[in-house]
Amino acid sequence: MRKLLFVCLTCAAVLGLFALPAVYAVDAPEDMMVTVPEGAEKTQAPVGFSHKRPGHAEYDCQTCHHTWDGQGEIKSCSAEGCHTDMKARKGGGSFYAAFHDRKNEASCVGCHSKEGKGPKICTECHPRD
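Report on the accompanying structure. All values reported here derive from a predicted model rather than from experimental measurement. (Residues numbered from 1 in each chain as written. Predicted model: local features only at pLDDT ≥ 70, side-chain atom pairs only at ≥ 80, totals over all residues. Heavy atoms only, no water.)

**Some thoughts on the overall build of the protein**
Note the following rule: Strands are runs of DSSP state E lasting at least 2 residues, helices are runs of H or I lasting at least 4, and numbering of each runs from the N terminus. Throughout, exposure labels follow a simple rule: accessible area from a 1.4 Å probe, protein chains only, divided by the maximum for the residue type, with under 20% read as buried, over 50% as exposed, and the rest as partly exposed. In this description, contact between two residues means that some pair of their heavy atoms is separated by no more than 4.5 Å. Each accessible area is a Shrake-Rupley result for a 1.4 Å probe, and residues are judged covered by the shown protein chains and nothing else.
Tallying secondary structure elements over the protein gives five helices and two strands in all. What you see in the protein, going N to C, is helices and strands ordered as α-β-β-α-α-α-α. Relative to its full complement of 129 residues, the protein shows a buried share of 14%. Expressed as a percentage of contacts within the protein between residues at least 6 apart in sequence, the contacts between residues at least 24 apart total 24%. Within the structure as shown, the protein displays about 10,200 Å² of accessible surface, and the carbon and sulfur contribution to it stands at 58%.

Next up, the structure:
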């Protein structure tokens, strides 16, 4: 009886180890362009971004997608109720600050500053047109 219990528990552990990550996997786009939402003033070139790039792939999705509950579709940063202020340069609702706030580790610039790696100047992310 003990042997059967041990075998069952071992099988459950192995199944959980390999199957659960697939259940919670998010189908993130590998390479994408981050652009300003329609109707917002474009002041810089779009930014190429790869979820698979070393450094990005190691982070939990909720590091950047801080309002995501871990289930369902991840919404755009400019989705209703998130970073919809296209004029402000600071504050939680600012689209600009979502990517450029040096004090917020959920922003690109904040994370690159904290980690001490990644792009450091505007044109490294925003290539000249």
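**Side note on the pattern of salt bridges**
Filter applied, for reference: Salt bridges are defined by distance alone: a side-chain nitrogen of Lys or Arg within 4 Å of a carboxyl oxygen of Asp or Glu.
This model, assessed by the stated rule, comprises two salt bridges. Notably, a salt bridge pairs Glu105 with Lys114, separated by 3.9 Å at the nearest N-O pair. According to the relative accessible area criterion, Glu105 is partly exposed, its value standing at 45%. A salt bridge links Lys114 to Glu115; its shortest N-O distance comes to 3.0 Å. Under the relative-accessibility criterion, Lys114 is labelled partly exposed at 48%. Residue classification places Glu115 among the partly exposed positions, given a relative accessible area of 32%.

**Points about helix 4 (residues 108–115)**
Taken together, the buried positions of helix 4 are Gly110, Cys111 and His112. Within two residues after helix 4, Gly116 carries a phi angle of roughly 70°, on the positive side.

**A look at the state of the cysteines**
Which entries qualify depends on this criterion: Disulfide assignment relies on a single distance test, namely cysteine sulfur atoms paired within 2.5 Å.
Going through the model one piece at a time under the given rule, you end up with zero disulfides. A disulfide-free cysteine, Cys64 has its sulfur positioned 6.4 Å from the sulfur of Cys111, the nearest such atom. Sulfur of Cys108: no disulfide; nearest cysteine sulfur belongs to Cys125 and is 6.8 Å away. Given a relative accessible area of 34%, Cys108 falls into the partly exposed group.

Limitation: the analysis is restricted to geometry and does not speak to function.
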